[in-house]
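Residue-level structural notes
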Amino acid sequence: SMTTGSRSFTIRTITSGNRAMATFNQADSFWETVNPNTFMEEMETWLISDKINLAQAVNPIFKFDLGAGFYTEHMMSVLISTDYETGGDPSKAYWFDYTDVFDIPRSGPDGYGTVATRGEVNLAKFAGEKITVAFKYRGKLDYELRRATSYELDNIIISETGDRAYIDDAEIVY
C-alpha cells in the first residue's frame, strides 16, 4: 500500500506468471515495472484508491502526474468505479475508462521518462457519490528489447473548484 496526501492506495497483482516484478513507491511516487531478465505471459497489476467521498462535491477535478520510460507499448489504464468493493477483485466492478482523456505517453525513451501532469478531467457526473480511482498496468516484456514500459505515477489529485468538497475523517487546522 501507499499513501498520497490523505488518501491510501492498495496494490493488487492479478497475474504475474513466473516473472519477477517490482512494484514500489519512493517518496510517495508509485512505480511499476518488470524484470528485464525474465519473459513469461502478460502481467496485470492494479493501483486502487480507498473510497473517495464526493457527497458534497459539485465540480471535482481529477489529475495526476505520470512519466513513462523504457517504452515498448502502452500498458496503463485510468479507471473510476462507483461499485468496487474495497479489497475485492477489481474484475467484479464496473470501471469507467478515462485513459484516453489523459495524455499518457504513447512513446518514450530507452531510459526513464519525464514526469508531468497528463491533463485533467471533470468528475461532476460522480458528484454526490463515493468513487474508487484505479490505475491498471497490463502488459508483457518485449522479448527482443528485453524490457517493458515502466511508469512513475505521482501527485494524484481530486480537488473541488469551490469549498464544498468533503473528505472523510478530515481534521480542521487553524
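**Some details on the overall build of the protein**
Within the protein one finds 0 helices and 12 strands. Start at the N end of the protein and walk to the C end: the helices and strands fall as β-β-β-β-β-β-β-β-β-β-β-β. Out of the 174 residues in the protein, the part that is buried amounts to 41%. Relative to all contacts within the protein whose residues are 6 or more apart in sequence, the contacts with residues 24 or more apart total 78%. In the form shown here, the protein has an accessible surface area of approximately 9200 Å², with 46% of it arising from carbon and sulfur atoms.

**A short note on the pairing of strand β8 (residues 76–81)**
Within β8, 6 of the 6 residues are buried, which leaves the element mostly enclosed by the surrounding structure. The alternating pattern of β8 places M76, V78 and I80 on one face and S77, L79 and S81 on the opposite face, and all of these are buried. Sheet analysis places β8 next to strand β11 (residues 130–139), joined by 6 bridges and oriented antiparallel. Across the sheet, L79 pairs through a bridge with A134, a residue of β11.

**Here we look at the confidence of the model for the protein**
Detail in the predicted coordinates should be disregarded across regions flagged by low pLDDT. This prediction gives the protein a mean pLDDT of 75; 67% of its residues lie at or above 70. The secondary structure element of the protein with the lowest average pLDDT is strand β1 (residues 2–4), at 36, and the one with the highest is strand β9 (residues 96–97), at 97. Across residues 1–6, confidence stays below pLDDT 50; counting only partners more than four residues off in sequence or on other chains, it has 16 contacts. Below a pLDDT of 50 lies the segment residues 18–27, which in the model reaches 37 contacts outside its immediate sequence neighbourhood of four places, other chains included.

**Some thoughts on the side chain of N53**
Checked against the element boundaries, N53 lands in strand β6 (residues 52–53). Here the side chain of N53 touches A55 through a polar contact of 2.7 Å, landing on its backbone nitrogen.

**Thoughts on the nonpolar core**
Ranked by size, the top nonpolar core spans 29 residues in total, and within it F62, F64 and F135 carry the most contacts. Secondary structure elements with two or more residues in this core: β5 (43–49), β7 (60–69), β8, β11 and β12 (150–160).

**A short note on the packing of aromatic side chains**
Tallying each qualifying case throughout the model produces 10 aromatic pairs. For the pair Y84 and W95, a centre-to-centre distance of 5.6 Å together with 40° between the ring planes defines the contact as tilted. With Y84 in the loop between β8 and β9 and W95 in the loop between β8 and β9, this residue pair connects regions lying 11 residues apart in the sequence. As far as the burial class goes, Y84 and W95 line up, both buried. Linked through ring pairs, F62, F64, F102 and F135 together constitute an aromatic cluster.

**Some points on the pairing of β7**
The element β7 is extensively covered by neighbouring structure, given that 9 of its 10 residues are classed as buried. Judged from the 9 bridges that link them, β7 and β12 form a sheet pairing that is antiparallel. For P60, the partnering residue across the bridge sits in β12 and is E160. Note that β7 and strand β10 (residues 116–122) share 5 bridges and pair antiparallel. In the sheet register, L66 faces β10, and the bridge partner there is A116.

Calculation criteria
Residues numbered from 1 in each chain as written. Predicted model: local features only at pLDDT ≥ 70, side-chain atom pairs only at ≥ 80, totals over all residues. Heavy atoms only, no water. Helix = DSSP H or I, 4+ residues; strand = E, 2+ residues; numbered from the N terminus. Buried < 20%, exposed > 50% of the residue type's maximum accessible area, 1.4 Å probe, protein only. Contact = heavy atoms within 4.5 Å. Areas by Shrake-Rupley, 256 points an atom, 1.4 Å probe, with all protein chains shown as cover. Pairing = 2+ DSSP bridges. pLDDT = per-residue confidence, 0-100. Polar contact = N/O pair within 3.5 Å; in protein donor to acceptor, adjacent residues only side chain to side chain. Core = buried A, V, L, I, M, F, W, Y, C linked by side-chain atoms within 4.5 Å. Phe/Tyr/Trp six-rings, centres within 6.5 Å; stacked < 30°, edge-to-face > 60°.

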